[in-house]
Amino acid sequence: MTTLPYLVAGWLFLVGCYGLVTSHNLVHTVACLTVAQSATYVLLLAVGFRAGATAPVFADVPVGTRVVDPVVQALSLTDIVVAATVTAVLLALTIQIYKRHGTVNPDELRTLQD
Amino acid sequence: MPPTVQALPPLLVAVPLVVAAVLAASGRVLPRLVIDAASMLSCLLVLGSSVVLLAATGSRRVVSWLGGYSPVDGSSVGVVFVVDRIGAGLATLIAALVAAALTYTWRYFDEVESYFHVLVLLFLAGMVGFALTGDLFNAFVFFELMGAVAYALTGYKIEEAKPLQGALNFAVINSLGAYCSLLGIGLIYGRTGELGFAQIQRALIGQSTDWLVLVGIALVFTGFLVKGAAVPLHFWLADAHAVAPSPVCVLFSGVMVELGLYGVARTWSAAFWPVLPAERLRPVLMAAGVVTAVVGAAMCLAQSHLKRLLAFSTVGHVGMFLIALGALEPAAIGGLSIYVVGHAAVKGALFLCSGVVLNARGSVDEAELHGQCRNLPVTRICFLLGGLALAALPPFGTWLGKTLAEDGLSHGGFDWAEYLLIGVSAITGGAVLRAGARIFLGAGTPPDTEGDTRGSEEQPETTYHLGKIPVTMLVPVVALLAGGLTLGLVPGLPTLAHDAASQLLDHTGYAAAALDGVSAVPSPAPTESWTLSGLLLGVLSVLLALVVAATGLYLHRFRRLFSQVPPVVTLPFRALRTAHSGHLGDYVVWLLIGMTLLTIGLAIT
């Protein structure tokens, strides 16, 4: 088992966060959040990986075949659904923000400064 | 165990989900009355069932395996709800607050569409599910469900500028926190091969603490503490509370934030304790609690926007909750559980009062409203009483919970915590009283607040200014306050709460109930109730709160005495306020800092 997928997951999370911090456009911000979330897919799938194993579909393989862990695949699917929901909500908010604030640059949103 | 009780936990989640789906599909054609009645009925159904569960958990944990996948020889492929007294109590609290919010909404939004009710019911389902689940990944799903719904509820007034920004900050920060949790869940699953709390616990027993599991735990806790608004993960809270509709704020401050802390307590006690002994978790929680309490109290004093003021008071209270939780002992956590319920009732009443003010006067700004609300008699009494209760006025539930938590903390050797708790509750209560005295009594002079987030540009949530406050808006306010008051007077409550906390902290009992079918719990031993010194300290913190309020109101008269406030005093304040910039990128940086500190904290202790 190689450590490469775990490094990729860490990199994706950090690069997504970097994008969130430096973003000048809310659409870009939402995309960066999705990038950070892709880290979770990579990590989950890496956790369930088994060398030489096949997909966990038991219809046409003999009993006892090595398969990868189906649980993490189910988790990833759930995660993708969550991501779709949150991205949709955020993009809808972005459209409304453009209508009401006239900008999608987070640096110019100053209605909540303390 | 009678099968009916076992069937309840999944139903508590399913009923509001199904009703929400039906309302979402048919809301356009249904009359308003039907929508109101259907959502209220399903909420009351959840409330009633939670009370039944609460009664049933006195003698045993209620365990329910979905789809009948009961464990064989201690292992199962199924997903489980494990309900003990704290979980059932939280479900009851959630349902009660949702009922109050729905009653208030009856006349609050005049053009409310069925979407609001749909969202509130989904929120109810997510929160109850999170409180009852016994599975790490299910906890994440419910956590995300309540998150996504909460973002939408925050931005409910979608035609206005501020709610949009507040909802966006809230959504991005909380989602990022939730992804941290999911990464952590992935790491823990990778090491243990289990997702159920009880199974993880058994897999971790006997293992040496390895860094991978610790990082996983720190990541899971980061997500929970973002929701739980521990400094420096709290920045979303004030932005979201300032702009969300008032009945939604009741749910946010009253129970959603506290559920974040519950997540930490539950996952630690039921799953992670074998690799993270109490001695290692305790200093981390307490340090986070102290910083959170101090920052919350300081920021609370500096606000003139009523809802932001109440939001920062919640941050201050979360700090106190973290300290009490950090003791990781039944006495302090028993007090904490009463404190949380009392706080929810009182804070809920205060948020609803500010909603009444917003609708009656079109503003929630302390300076602009100076003396403007003298003719709102019921709201005036409730708001001021709420301020006193927040400062722990005996015999409110806030006082009972706080005094029991203080006793527990000082028995555990944390005497300093007592002073901090008194100070923070006096400051936050004092800030509320100051604002209340200005608005409702016309005391003092309007503060000078150039360049802050002001409450004066808020749009009222009804399109007309209400001439007379509808009774459906005042009933929940009075009911919440009365509930907070009664809570402190229930005989035997300290014993029940102590017992509930012992259940929460009983690691092996939890696993045995989930996996071995041994669900009976020991009957409670009577515990100490409040003491005379606790009563006096409650009075003391109320007096201190009055001093804080008076100082805020009349400080300008003594300004000549201190010709110049030294920068040592003002600089930290100014730095703190600059940090609350409302800028998303800044908040993400703070989140990463908080995550790193938490990981380091758990690693070095």
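Just so we're clear, the structure is a prediction, and the values are computed from it rather than from any experiment. (Residues numbered from 1 in each chain as written. Chains lettered and ligands numbered in written order. Predicted model: local features only at pLDDT ≥ 70, side-chain atom pairs only at ≥ 80, totals over all residues.)

J.: Describe the overall build of chain B, listing the residues and the values that go with them.
T.: The secondary structure content of chain B amounts to 22 helices and two strands. Computed over its C-alpha atoms, the radius of gyration of chain B comes to 23 Å, within 12% of the 25 Å expected for a compact globule of 605 residues. Counting the 605 residues in chain B, one finds 61% classified as buried. Within chain B, counting contacts between residues at least 6 apart in sequence, those at least 24 apart form 84% of the total. (Helix = DSSP H or I, 4+ residues; strand = E, 2+ residues; numbered from the N terminus. Rg over C-alpha atoms; globule rule 2.2 N^0.38 Å. Buried ≥ 20, exposed ≤ 12 C-beta atoms within 10 Å, placed from the backbone. Contact = placed C-beta atoms within 7 Å.)

J.: Which residues make up the overall build of chain A, and what are the values?
T.: Each helix and strand counted, chain A has three helices and zero strands in total. Going residue by residue from the N terminus, the α and β elements of chain A occur as α-α-α. A compact globule built from 114 residues should have a C-alpha radius of gyration of about 13 Å, whereas chain A, at 19 Å, is more than 25% larger. With the principal axes as the frame, chain A shows a C-alpha extent of 60 × 30 × 20 Å. Burial analysis of chain A (114 residues in total) assigns 31% to the buried set. Looking at chain A alone, contacts between residues at least 24 apart form 52% of all its contacts between residues at least 6 apart.

J.: Describe the interface of chain B and chain A, with residues and values.
T.: Each partner contributes residues to the interface: chain B has 40 residues there, and chain A has 36 residues. If you list the elements that add at least two residues to the side of chain B that touches chain A, you get α5 (136–154), α6 (161–192), α9 (235–243) and α22 (584–604) of chain B. The biggest single contributor to the side of chain B that touches chain A is α6 of chain B, with 17 residues. Its residues placed into classes, the side of chain B that touches chain A shows 22 nonpolar, 12 polar and six charged. (Nonpolar A, V, L, I, M, F, W, Y, C, P; charged D, E, K, R; others polar.)

J.: With reference to specific residues and values, describe the nonpolar core.
T.: Grouped burial of nonpolar side chains is what soluble globular proteins tend to show. Residue and element names in this part refer to chain B. Core analysis: the largest hydrophobic core is formed by 260 residues, its most contacted members being I94, L97, F123, L124, M127, V128 and A324. Here the element with the most residues in this core is helix α13 (residues 330–361); it accounts for 20 residues. Those residues within four positions of M127 in sequence are excluded, and the remaining contacts are I94, M146, V255, M256 and L259. (Core = buried A, V, L, I, M, F, W, Y, C linked by C-beta atoms within 7 Å.)

J.: Residue-level account of the packing of helix α11 (residues 278–301) of chain B against α22 of chain B, with values.
T.: Residue and element names in this part refer to chain B. Running from N to C, α11 and α22 point in directions that differ by 145°, and their axes come no closer than 8 Å. Every pair of crossing elements has a handedness; the one defined by α11 and α22 is right-handed. Note on element contacts: α22 touches α11 through L598, G601 and L602, opposite R280, V284 and A287. Residues that form the contact of α11 with α22 fall into these classes: four nonpolar, one polar and one charged. (Axes fitted to C-alpha atoms, helices over the stretch in contact; angles between N-to-C directions. Left-handed = near helix turned anticlockwise from the far one by under 90°.)

J.: Give me unusual backbone geometry: which residues, what numbers.
T.: Residue and element names in this part refer to chain B. The residue after V231, namely P232, is reached through a cis peptide bond having omega 5°. Looking at the element boundaries, P232 is found in the loop between α8 (211–227) and α9. Here the amide bond leading from P394 into P395 is cis, since omega sits at 0°, within 30 degrees of zero. Here P395 is to be found in the loop between α14 (377–390) and α15 (397–411). Although it is not a glycine, A392 adopts a positive phi angle of roughly 70°. Relative to the helices and strands, A392 resides in the loop between α14 and α15. We classify A392 as buried; it has 33 C-beta atoms within 10 Å.

J.: So what's going on with the packing of helix α4 (residues 114–132) of chain B against α5 of chain B? Which residues, and what values?
T.: A pair of packed helices can be characterised by two numbers: the angle between their axes and the separation between those axes. Residue and element names in this part refer to chain B. The contact between α4 and α5 brings their axes to 8 Å, and the two run at 150°. Judged by the inter-axis angle, α4 sits roughly antiparallel to α5. Here α4 and α5 pass one another in a crossing that is left-handed. Of the residues in α5, those in contact with L119, L122, F123, G126, M127, G129 and F130 of α4 are A139, F142, F143, L145, M146, V149, A150, A152 and L153. Grouping the amino acids of the contact of α4 with α5 by side-chain chemistry returns 14 nonpolar, two polar and no charged. (Parallel < 35°, antiparallel > 145°, perpendicular 65-115°, else oblique.)

J.: Give me the environment of S363 of chain B: which residues, what numbers.
T.: By the element assignment, S363 of chain B lies in the loop between α13 and α14. We classify S363 of chain B as buried; it has 23 C-beta atoms within 10 Å.

J.: Explain the confidence of the model for chain A to me, and be specific about the residues and the numbers.
T.: For chain A, per-residue confidence averages 87 on the pLDDT scale, and residues scoring 70 or more make up 97% of the total. Per-element confidence in chain A is highest for helix α1 (residues 4–22) of chain A, whose mean pLDDT is 93, and lowest for helix α3 (residues 70–101) of chain A, whose mean pLDDT is 89. (pLDDT = per-residue confidence, 0-100.)

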